[in-house]
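Chain residues, written in single-letter form:
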Amino acid sequence: RPSDTLTTLKTESETLKTKLEEERAKLHDVELHQVAEKIEALGQFVMKTRRTLKGHGNKVLCMDWCKDKRRIVSSSQDGKVIVWDAFTTNKEHAVTMPCTWVMACAYAPSGCAVACGGLDNKCSVYPLSLDKNENLAAKKKSVAMHTNYLSACCFTNSDMQILTSSGDGTCALWDVESGQMLQSFHGHAADVLCLDLAPSETGNTFVSGGCDKKACVWDMRTGQCIQSFETHESDINSVRYYPSGDAFASGSDDATCRLYDLRADREVAIYSKESIIFGTSSVDFSLSGRLLFGGYNDYTINVWDVLKGTRVSILFGHENRVSTLRVSPDGTAFCSGSWDHTLRVTNRFSYARLLVNWSGSHSVITPL
Amino acid sequence: MTINTLSQDGVQRQQMPCLTKMERMIISMQDPDMGIKLRNQRLLITVIPHKCSISDEEALHVGQLFVKYGYIYPLKEPRNLILKADDSSYRFQTPYYWMSTRWPASELDYAIYLAKKNIRKQGELIEYEKECYNALHKRINHTWDFVVMQAREQLRASKQRRKGDRIVLECQEQAYWLVNRPPVSPEHYKLTTLTKNTIIEHNRISLARNRVKSSICLESYVKYCEQYQPHDPIMQGCLPSNPWITDDIMFWNMNSETVALPTKLRVERWSFSFMELLNDQMGRKEFLTYLEKEFSAENLCFWQACEDVRHGETAKIPEKVDEVYKQFLAPGASRWVNIDSKTMEKTLEGLKRPHRFVLDDAQMHIYFLMKKDSYPRYLKSELYKNLLARAIVPQETKKSVFPFMRRQRHSSPSPALATQTAEDDGKAKDESR
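Residues numbered from 1 in each chain as written. Chains lettered and ligands numbered in written order. Predicted model: local features only at pLDDT ≥ 70, side-chain atom pairs only at ≥ 80, totals over all residues. Heavy atoms only, no water.

- Chain B is annotated in an unreviewed UniProt entry as Regulator of G protein signaling 11 of Cyprinus carpio.

- As annotated in an unreviewed UniProt entry, chain A carries the name Guanine nucleotide binding protein (G protein), beta 5a and is attributed to Cyprinus carpio carpio.
- We quote the UniProt Subunit (unreviewed entry) comment for chain A here in full: "May interact with RGS9; this interaction stabilizes both proteins and increases RGS9 GTPase-activating protein (GAP) activity, hence accelerating the deactivation of D(2) dopamine receptor-mediated signaling." (UniProt positions renumbered as here; feature names shortened; annotations may be inferred.)

Structure, rendered in structure tokens:
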């Protein structure tokens, strides 16, 4: 009977899974915080918001930095996509998408275009025109087509290819000019919510996270799932590579962030606290990888010491869920977007500067 | 959380008008004067065509929908949710179990229902019900005591009813669950078998993988964080100052691609890894200068050309690959690259049908050649050491005496402008011809 075969397969699957866990455990000879014991603790950080970007009329769902380190693109629930010079807080471009819930947006590496999509199940590319009279929507290119909502998108190393993830459970790689699908990635058992490209030398892999609680690493050329990790207890909302490319962090509805090492092939750290009850929506590393920033559904941002596993800061600026968070390309600040309609650019508050200002004299003091 | 949970309400909102319409019809069918003749709590469907001015076929179709959505249920073959145009018996479902009132069907209620059945039939549930029961037991294990207690209570209460009522209630409940939790089809088994096979294959491959000891992996993070800490503005600040804090964009200007003299930190960073050198446009240029002195510049050019193929437009791949072949791979090519014979053979074979990744092996070979040989020598070279010595260490920005005086935040030309200007220049050139 078909149900008998299924039962046998289920048992075989379970047995293999257990064996896999045993093998993974054999080489786990030390915990991260033990290795980190010899490093100095960081102490508590104070963070300060440097810019607040107001202009969206509804929940901000996604944002991305331009390579010029100061411009950003953001998208919101009401279908608006805005390009800002975050440094001056000026809005430079605005597009109204034909759909609501624009959950994904990305800046092209050249800085000349943006990609976005959401409930329209598509990913479209808008070349940025400096002609104020030109309607950006006129030159819009429809690139990706999924059978369910678009959850995330990003350009690969050039403006010519886009990687997408969707509520239809798949990821796909597309050629922007022709709209042709170059590769598709099947393996998630539910909605895929996020993805990130690996900063590796060979530049051929990416990681995705989904509602099946799995994080999968994919080979972009063959479409194969190379590795997968299933330790989260709920949907994975965000994945981000550690700057060296040897590991990645994930943020989940189970209120934890986790670090997975690709060479050890296992989870190596969990960042959580009893007092953190609500899910993590987005994560990103500081430039050196020492800090992990997490935006949460309880309106806060928690900053973690990646090596020691402790929390070094908690920010209370936003007045609603934090939905998106990215560190700028040169690590000078991070930007968070929220359901409170705003985006905030934040970095560390420096006590040394305060001292210098009040005393009126100057001296070269290394910032704390 | 996924947007689909929001659209579930959307689905109900879409379905409500249909359900409301169906319910209106069902109610009028049960009208004692105008409705269908009932016989001892059972009804015969043949009467429908008289009441609604529609064809027999359409009446049957509408009737099918009623059965499918659980407003009428068959008595003889309860699992067969279809309407037959014969004299088989059906019964109207009680409004308590209508879709509009009890949607979505809750997991908890289903668990209680299965538990009751389990107790009554002493473990003799049907296959798919058994599976659901076990899955539920696992999923909502924390409330299982409540489930069993409720099941027992409901069974006890039903025992105190009249037999006739009890049978009707059981039928109603069963019908409700047959609609809301239909048994799985053979297709479902096929699909699940396929998925399971893929998972098993994946797990087998994973088992065979080479893993690295945790101590080695974790130690590398400590080293990486330590090495990059001076470059991390949030950890250790940046000189002359962080633009977001002081509104002074010197930091960005001093680190731009076209600056005359780079900063010391920047040049130091090129020594961290070959990728760091290549990722910085200025670093790449310096490296190219060095390679030219060594007469091996074609390696870097080849690598760049391959990158262009890999990340460029699909339509342009054949012509680009052809160019690469002519310049770098063909015998007697002007910038011939030294690839081992095996890789060369494989590449040339692949060139007959050029695709995005056809040059990957050759590119990787040249990349590692540069990484292992030219790169370390570059770091020891006079060219690099000279640059490092001349590189700038910016002075920290002087603070204004009055902390309230804010610098003007200067805007910068948009990256999109560069392309615009290039396009405009191109147009002007064409016009002037």
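What follows continues from the structure just given.
1. Observations regarding unusual backbone geometry
Next, step 1: Residue P240(B) follows L239(B) across a cis peptide bond; omega there is 5°.
Next, step 2: Mapped onto the fold, P240(B) is located in the loop between α10 (233-236) and α11 (243-246).
Next, step 3: Despite not being glycine, K213(A) has its phi angle at roughly 65°, a positive value.
Next, step 4: Examined against the element boundaries, K213(A) turns out to sit in the loop between β15 (205-210) and β16 (215-219).
Next, step 5: The partly exposed category is assigned to K213(A), whose relative accessible area is 35%.
Next, step 6: Even without a glycine there, the phi angle at Y299(A) is positive, about 80°.
Next, step 7: Mapped onto the fold, Y299(A) is located in the loop between β23 (291-296) and β24 (301-305). (Helix = DSSP H or I, 4+ residues; strand = E, 2+ residues; numbered from the N terminus. Buried < 20%, exposed > 50% of the residue type's maximum accessible area, 1.4 Å probe, protein only.)

2. A word on the packing of aromatic side chains
Next, step 1: Taken as a whole, this structure holds 36 aromatic pairs over all chains when the rule is applied.
Next, step 2: When the ring of F229(A) is compared with that of F248(A), the centres are 5.6 Å apart and the planes differ by 70°; the resulting orientation is edge-to-face. One end of the pair, F229(A), is in strand β17 (residues 225-229); the other, F248(A), is in strand β19 (residues 247-252), and 19 residues separate them in sequence.
Next, step 3: The exposure class assigned to F229(A) is buried, which follows from its relative accessible area of 2%.
Next, step 4: Judged by relative accessible area, which is 0%, F248(A) ranks as buried.
Next, step 5: With centroids separated by 5.5 Å and ring planes inclined at 55°, the aromatic side chains of Y242(A) and Y224(B) adopt a geometry described as tilted. Separated into two different chains, Y242(A) in the loop between β18 (236-241) and β19 and Y224(B) in helix α9 (residues 214-228) make up a pair that spans both. Taken as a pair, Y242(A) and Y224(B) share a single burial class, namely buried.
Next, step 6: The ring of F87(A) carries R51(A) above its face, with NZ or CZ at 4.9 Å from the centroid.
Next, step 7: Taking the ring centre of F45(A) as reference, the NZ or CZ of R348(A) above it sits at 3.6 Å. (Phe/Tyr/Trp six-rings, centres within 6.5 Å; stacked < 30°, edge-to-face > 60°. Lys NZ or Arg CZ within 6 Å of the ring centre and 35° of its normal.)

3. Concerning the UniProt feature "domain: RGS" (unreviewed entry) in chain B
Next, step 1: As recorded in UniProt, the sites labelled "domain: RGS" (unreviewed entry) are residues 273-388 of chain B.
Next, step 2: For residues 273-388 of chain B, helix accounts for 73% and strand for 0%, while the C-alpha atoms at its two ends are 16 Å apart.

4. Digging into the sheet that holds β23(A)
Adjacent strands of a sheet form backbone hydrogen bonds with each other and so pair up, either parallel or antiparallel.
Residue and element names in this part refer to chain A.
Next, step 1: The strand order β22-β23-β24-β25 describes an open sheet built from 4 strands, whose pairing is antiparallel. Pairing within the sheet leaves two strands with one partner each, and these edge strands are β22 (280-285) and β25 (311-315). Adjacent strand axes in the sheet meet at a mean angle of 20°, parallel and antiparallel pairs treated alike.
Next, step 2: Pairing of β23 with β24 involves 5 bridges; the strand directions are antiparallel. Each bridged residue has a counterpart across the sheet, and for G295 the counterpart in β24 is I301. (Pairing = 2+ DSSP bridges. Axes fitted to C-alpha atoms, helices over the stretch in contact; angles between N-to-C directions.)

5. Notes on helix α6 (residues 144-159) of chain B
All names here are of chain B.
Next, step 1: The end-to-end C-alpha separation of α6 is 23 Å, in line with the 22 Å expected for 16 residues at 1.5 Å each.
Next, step 2: Here α6 has its buried residues at W144, V147, V148, A151, L155 and S158. For α6, the buried positions fall inside an angular range of 95° around the axis, keeping them on one side.
Next, step 3: Buried positions along α6 lie against α4 (107-120), α5 (127-139) and α7 (163-180). (Expected span 1.5 Å × (residues − 1). Arc of directions from axis to C-beta. Contact = heavy atoms within 4.5 Å.)

6. Description of the interface of chain B and chain A
Next, step 1: Contacts between the two partners involve 87 residues from chain B and, on the opposite side, 115 residues from chain A.
Next, step 2: Roughly 8700 Å² is buried in total at the junction of chain B and chain A, and carbon and sulfur atoms are behind 61% of that figure.
Next, step 3: Contact with chain A buries area across many residues of chain B, yet Y221(B), I234(B) and W244(B) alone supply 11% of it, more than any other trio.
Next, step 4: Linking chain B with chain A are 7 salt bridges.
Next, step 5: Taken together, chain B and chain A are joined by 33 residue pairs in polar contact (both at pLDDT 80 or more).
Next, step 6: Sort the elements by how many residues they give to the side of chain B that touches chain A and helix α8 (residues 186-208) of chain B lands first, with 12 residues.
Next, step 7: The residue inventory of the side of chain B that touches chain A, partitioned by class, reads 36 nonpolar, 29 polar and 22 charged. (Buried area = accessible area lost by both parts, 1.4 Å probe. Salt bridge = Lys/Arg side-chain N within 4 Å of Asp/Glu carboxyl O. Polar contact = N/O pair within 3.5 Å; in protein donor to acceptor, adjacent residues only side chain to side chain. Nonpolar A, V, L, I, M, F, W, Y, C, P; charged D, E, K, R; others polar.)

7. Remarks on the side chain of T300(A)
All names here are of chain A.
Next, step 1: Looking at the element boundaries, T300 is found in the loop between β23 and β24.
Next, step 2: A polar side-chain atom of T300 sits 2.7 Å from a polar atom in the side chain of D298.
Next, step 3: Not counting chain neighbours up to four residues away, the residues in contact with T300 comprise G294, G295, I314, L315, F316 and V322.

8. A look at the sheet that holds β16(A)
Residue and element names in this part refer to chain A.
Next, step 1: Here we have 4 strands laid out as an open sheet, ordered β14-β15-β16-β17, and antiparallel in their pairing. Each edge of the open sheet is held by one strand with a lone partner, namely β14 (192-197) and β17. Direction aside, neighbouring strands of the sheet carry axes that sit 20° apart on average.
Next, step 2: In this structure, β15 lies alongside β16, joined through 5 bridges in antiparallel fashion. What sits directly across from T205, in β16, is D219.

9. Comments concerning the pattern of salt bridges
Next, step 1: Considering all chains together, one arrives at 41 salt bridges over all chains under this definition.
Next, step 2: In this structure, D247(B) engages R51(A) in a salt bridge whose closest nitrogen and oxygen atoms are separated by 2.9 Å. A residue pair is termed interchain when its members come from two chains, as with D247(B) in the loop between α11 and α12 (250-254) and R51(A) in strand β1 (residues 47-54).
Next, step 3: Note on D247(B): relative accessible area 5%, which makes it buried.
Next, step 4: Classification of R51(A) by relative accessible area gives buried; the value is 3%.
Next, step 5: A salt bridge links R290(A) to D305(A), with the shortest nitrogen-to-oxygen separation between them at 2.9 Å. Linking R290(A) in the loop between β22 and β23 with D305(A) in strand β24, this pair joins segments that are 15 residues apart in sequence. Residue R290(A) shares its accessibility class with D305(A), and that shared class is buried.
Next, step 6: By sharing partners, the salt bridges in this structure join E21(A), R24(A), D265(A), R209(B) and R211(B) into a single network.

10. Quick notes on a nonpolar patch on the surface
Next, step 1: Taken together, the side chains of L108(B), F146(B) and M149(B) make up a nonpolar region of the molecular surface, amounting to roughly 260 Å² of accessible area.
Next, step 2: Considering the arrangement of structural elements, one finds F146(B) in helix α6. (Patch = residues over 30% accessible without salt bridge, like charges linked within 9 Å, V, L, I, M, F, W, Y side chains within 5 Å. Areas by Shrake-Rupley, 256 points an atom, 1.4 Å probe, with all protein chains shown as cover.)

11. Considering the UniProt feature "repeat: WD" (unreviewed entry) in chain A
All names here are of chain A.
Next, step 1: In the numbering used here, UniProt assigns the feature "repeat: WD" (unreviewed entry) to residues 53-94, 143-184, 185-228, 229-270, 282-314 and 315-345.
Next, step 2: Overall, residues 185-228 shows 0% helix and 52% strand. The separation of its end C-alpha atoms is 13 Å.
Next, step 3: From the first C-alpha to the last, residues 315-345 spans 12 Å; its make-up is 0% helix and 52% strand.

12. Things to note about the environment of G79(A)
Residues and elements named next belong to chain A.
Next, step 1: Of note, G79 is situated in the loop between β3 (71-76) and β4 (80-85).
Next, step 2: Overall, G79 belongs to the buried group, its relative accessible area being 0%.
Next, step 3: Measuring from C-alpha to C-alpha, the distance between G79 and V60 comes to 10.0 Å, with 19 residues separating the pair along the chain.

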